[in-house]
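# Structure at a glance
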Amino acid sequence: MKLYHGSNVLVQSPDVGHSREKIDFGRGFYVTPILSQAVKWADRFRDGGDSAFVSVYDFDETLLPGLRFLDFPEHDGDWLDFIVSCRLGNDTTGFDVIRGGVANDRVFDTCELYFRGLIAKETAIERLKFVEPNLQLCFKNNRVIKNCLFYCEGIDL
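This one's a predicted model, so the numbers in the text were calculated from it and none came from an experiment. (Residues numbered from 1 in each chain as written. Predicted model: local features only at pLDDT ≥ 70, side-chain atom pairs only at ≥ 80, totals over all residues. Heavy atoms only, no water.)

### Comments concerning the sheet that holds strand 3 (residues 53–59)
Reading across the sheet, the three strands line up as 1-3-7 and stay open at both edges, with antiparallel pairing between neighbours. What marks the edges here is a single partner per strand, and that holds for strand 1 (2–7) and strand 7 (149–156). Ignoring strand direction, the axes of neighbouring strands in this sheet form an average angle of 25°. Across six bridges, the pairing between strand 1 and strand 3 is antiparallel. Considered in strand 3, the bridge of His5 is made with Ser55. (Pairing = 2+ DSSP bridges. Helix = DSSP H or I, 4+ residues; strand = E, 2+ residues; numbered from the N terminus. Axes fitted to C-alpha atoms, helices over the stretch in contact; angles between N-to-C directions.)

Right under this line is the structure:
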């Protein structure tokens, strides 16, 4: 499977150590199977006057039998609770890869209202149904990156 990472540098040797902690799925290396989404991630750097690149990878999950996936196929209550927990710095899961929607600006406004107790969980989930889904994968440990994620090329935007 082809995966993409948008940044201000080419990332030929990704690792989890350069990640921030309190983000969607916690500390990890984030990629997407959607090229246009990775371009948007990289464009944030270009908008700030920096360089913008998309690094392209091949992911072969069959190379590590027993790979532990957590999959959120939609913006539902489990996804919402997990996002809020990770953004509070409470990611204590033992998964190798987490796959699910991005809490981008449109989604995060709803998450923030729920997090602050200003709307009920059911209201948040109902609002999230109207957001066009996107997709990200978060590699949670360097062992998986080293054994299953292979750099292919870089695209200079």
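From this point, things continue past the structure.
### Side note on the packing of aromatic side chains
A full pass over the atoms with the stated rule returns eight aromatic pairs. Summarising the aromatic geometry, the rings of Phe25 and Tyr30 are spaced 6.5 Å apart at their centres and angled 15° between planes, so their arrangement reads as stacked. With a relative accessible area of 0%, Phe25 lands in the buried category. Each residue in the set Phe25, Tyr30, Phe72 and Phe82 is aromatic and connected to the rest through ring pairs, giving one cluster. (Phe/Tyr/Trp six-rings, centres within 6.5 Å; stacked < 30°, edge-to-face > 60°. Buried < 20%, exposed > 50% of the residue type's maximum accessible area, 1.4 Å probe, protein only.)

### Here we look at the side chain of Ser19
Turning to its location among the elements, Ser19 is positioned in the loop between strand 1 and strand 2 (29–31). Residue classification places Ser19 among the buried positions, given a relative accessible area of 12%. In contact with Ser19, not counting residues within four places along its chain, are Gly26, Arg27, Gly28 and Tyr30. (Contact = heavy atoms within 4.5 Å.)

### Focus: the side chain of Asn134
Note on placement: Asn134 falls in the loop between helix 4 (121–128) and strand 6 (136–139). Setting aside residues no more than four positions away along its own chain, Asn134 makes contact with Ile34, Gln37, Gly100, Gly101, Val102 and Asn104.

### Remarks on the packing of helix 2 (residues 77–87) against helix 4
With their axes 10 Å apart at the nearest point, helix 2 and helix 4 run at an angle of 105° to one another. In terms of their interaxial angle, helix 2 and helix 4 are classed as roughly perpendicular. For the pair formed by helix 2 and helix 4, the contact residues are Gly77, Trp79, Leu80 and Asp81 on the first element and Lys121, Ala124, Ile125 and Leu128 on the second. When the residues that make up the contact of helix 2 with helix 4 are grouped by side-chain class, the tally is five nonpolar, one polar and two charged. (Parallel < 35°, antiparallel > 145°, perpendicular 65-115°, else oblique. Nonpolar A, V, L, I, M, F, W, Y, C, P; charged D, E, K, R; others polar.)

### Some points on the pattern of salt bridges
Taken as a whole and judged by the stated rule, the model has seven salt bridges. We note a salt bridge from Arg68 to Asp96, for which the minimum N-O separation is 2.7 Å. One end of the pair, Arg68, is in the loop between strand 3 and strand 4 (69–71); the other, Asp96, is in the loop between helix 2 and strand 5 (97–100), with 28 residues separating them in the sequence. Judged by relative accessible area, which is 40%, Arg68 ranks as partly exposed. Given the relative accessible area of 0%, Asp96 is considered buried. With a closest N to O distance of 2.5 Å, Asp81 and Lys121 form a salt bridge. Of this pair, Asp81 sits in helix 2 while Lys121 sits in helix 4, and the two are 40 residues apart along the sequence. Overlapping salt bridges, with partners in common, bring together Arg68, Asp96 and Arg143 in one network. (Salt bridge = Lys/Arg side-chain N within 4 Å of Asp/Glu carboxyl O.)

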